[in-house]
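Residues per chain are reported as follows:
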Amino acid sequence: MTLSTPKSDSNSHPNGARFTPQSLARVSHRLREVTHVVWNADKTAIGVQFETPNPQQLIASLPPLYPEWLGGRNFGEAHGLRFPYVAGAMANGIATVSLVKEMAKVGMLGFFGAAGLSVDQIAKSIEQLSELDQNGQSWGSNLIHAPNEPDVENATADLYIQRGVRRVSAAAYMKLTPAVVRYALHGLHQTPDGSIARRNHLFAKISRPEVAQHFMSPAPSEMVQHLLKHGLITTEEARLAPHVAVAEDFTVESDSGGHTDNQALSALFPTISELRSSIQRKHGYQRPIRLGAAGGIGTPRAVAAAFALGADYVLTGSVNQGCVESGLHPSGKMMLAKAGLADVVMAPAADMFELGVEVQVLKRGSMFGVRAKKLYDLYRQYSSLFEIPSSERQLLEKSILKTSIDEAWAATHQYWANRDPREVDRALLEPKHQMALVFRSYLGQSSKWAIAGQSERQLDYQIWCGPAMGAFNAWSAGSFFDSVSNRRVAQVALNLMEGAAIITRAQQLRSFGVALPLEAFDVRPQQLAVEV
């Protein structure tokens, strides 16, 4: 099926004379036609017809509905997109260059998964993605908060500014940093008509009101003056900073894979929406703040529900990780394809291990969640690696590290000596920090084993995953999506958006009193293409 305006098919539905469940079952699927809600002849029932109705029977006429129109029109206009749909930045390059390009081809936005990669690796990927600029296609990359490695965060922000990356997804931030503020303010200027224009667009991924408030407010004046003093922003950028929010696109993240607070979207989104309204009134911004919805977005009903809450766009993650274009090894994709709704678990995060921060990962087929929690329990219980009792130590070496503690430290020592020698110096002075580095090594490598497909480490695969994956599998069961080779990221996205439009149309008809059967809300996957 090609997504375009179809020719009318008058044979697919009766003219509305009789409103039976059979005749109403598929009316919501005829999105791209004017749909009339009418009374029957004796006004005892309400139904639908597509031919011009008798004015005396007409209740309402609904214009054509396109998936492109479900979100905020300003979002598509601001970013040059056809659909209000974003593929999130899955770390360690799991959101690949190929994935981002596939999104761009169909008029959607994809973020490259730069977190966990070296600046050189990110630079090479950006060079490939910059080809999209020549075609006027939008794309972005990730900037993750790195409290343990601020130099990496700064270097990544520098790279984005130097290479002209216009869209950046800021993830895992608890507060503003100079790096993220510098990127947001870069290129801020005033047009001849007096309005403020941005060159860089920051997407803030948030799940807490207090974090959202930092990004919705103007950049702190002290931070702005610090950046100005060190020549990191211009006088013009500093002058305009008090008149704009740090970010203008907010991904409201509920119960998702990876970093998550396991919030319910139906509670979180309205809270953030109210906060947005309050902050916009307070500061009188000329430019709008847009809200997107993420977490649990794996079925057409979930997408429709997000837009019904007022989302300007939706962002998906878990369902993309199982697609052909993702950087996850095929063995990991097969594991995701078998996941059920409850096959996820929270486990300690490698990047914020000492803080007790957790990420949501796949439980089915992997022991990572259990083993990672064991490491955190040991870290909390003991002051050093050598305080761990021999029985626990043997279990640790045999089942988790798969090597002796001495050898694990030697490898960790070598890694940090090359990456940041200060970490080694600190570890030699603080045994607790030495233990954290060794345990973080396992946590960090576990996701790379899943990407590389190291079969001997399959039980240690760390695969970030939220309940959306299980919901997608349940919805798509028995369809062509059963084969992992058919799970292409654009095909998944188009099905979710088309299905959401059908659900939305069904709900519109129901709100006008049409007694729709359950079949009207039934959306099945189909092969879709976009007419350019």
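Each remark here, short or long, concerns the structure printed above.
The structure contained in this document is the topic of the report that follows. Only a predicted model underlies this, so the values are computations on that prediction, with no experimental measurement involved.

This part takes up the packing of aromatic side chains. Going through the model one piece at a time under the given rule, you end up with 16 aromatic pairs. Here a set of aromatic residues connected by ring pairs shows up, and it is made of Phe75, Phe111, Phe203 and Tyr313. A cation over an aromatic ring shows up here: arginine 30 above the ring of phenylalanine 50, its NZ or CZ 3.8 Å from the ring centre. Lying across the ring of tyrosine 379, lysine 432 places its NZ or CZ 4.5 Å from the centre.

Turning our eyes to something else, we now look at the sheet that holds strand β3 (residues 46-49). As summarised here, the arrangement of the 3 strands in space is β3-β2-β4, forming an open sheet in which the pairing is antiparallel. Both edges of this open sheet fall to β3 and β4 (58-62), since each of them pairs with a single strand only. The sheet shows a mean angle of 25° between the axes of neighbouring strands, direction not considered. Relative to β4, strand β2 (residues 35-39) runs antiparallel, the two sharing 4 bridges. Its bridge partner lying in β4, valine 38 is registered against leucine 58.

A word on a nonpolar patch on the surface. Among the surface-exposed residues, Met367, Val370 and Leu459 lie close enough to one another that they form a single nonpolar patch of about 270 Å² accessible area. Residue placement: methionine 367 occurs in the loop between β17 (358-362) and α15 (368-381).

Turn by turn, an α-helix covers 3.6 residues, leaving residues three or four places apart pointing in a common direction. With 19 residues, helix α11 (residues 265-283) ought to run about 27 Å at 1.5 Å a step, and its terminal C-alpha atoms sit 26 Å apart, in line with that. Buried within α11 are the following residues: Leu265, Leu268, Phe269, Ile272, Ser273, Leu275, Arg276 and Ile279. Buried residues along α11 cover an arc of 165° about the axis, so they all sit on one side. Set apart from the buried face of α11 by more than 90 degrees, the exposed residues are Ser266, Glu274, Arg281 and Lys282. Glycine 284 occupies a position one or two residues after α11 and carries a positive phi of about 60°.

In this section: the nonpolar core. Formed by 161 residues in total, the largest nonpolar core has its most connected members in Leu202, Phe215 and Phe439. Here this core takes 13 residues from helix α21 (residues 489-511), the largest share from any one element. Beyond its immediate stretch of four places on either side in the chain, phenylalanine 439 contacts Phe353, Leu375, Leu378, Tyr379, Leu385, Ile388 and Leu396. Of all hydrophobic cores here, the second largest spans 10 residues; its members include Val86, Ala89, Phe111 and Phe203.

About the cut-offs
- Residues numbered from 1 in each chain as written.
- Predicted model: local features only at pLDDT ≥ 70, side-chain atom pairs only at ≥ 80, totals over all residues.
- Heavy atoms only, no water.
- Phe/Tyr/Trp six-rings, centres within 6.5 Å; stacked < 30°, edge-to-face > 60°.
- Lys NZ or Arg CZ within 6 Å of the ring centre and 35° of its normal.
- Pairing = 2+ DSSP bridges.
- Helix = DSSP H or I, 4+ residues; strand = E, 2+ residues; numbered from the N terminus.
- Axes fitted to C-alpha atoms, helices over the stretch in contact; angles between N-to-C directions.
- Patch = residues over 30% accessible without salt bridge, like charges linked within 9 Å, V, L, I, M, F, W, Y side chains within 5 Å.
- Areas by Shrake-Rupley, 256 points an atom, 1.4 Å probe, with all protein chains shown as cover.
- Salt bridge = Lys/Arg side-chain N within 4 Å of Asp/Glu carboxyl O.
- Expected span 1.5 Å × (residues − 1).
- Buried < 20%, exposed > 50% of the residue type's maximum accessible area, 1.4 Å probe, protein only.
- Arc of directions from axis to C-beta.
- Core = buried A, V, L, I, M, F, W, Y, C linked by side-chain atoms within 4.5 Å.
- Contact = heavy atoms within 4.5 Å.

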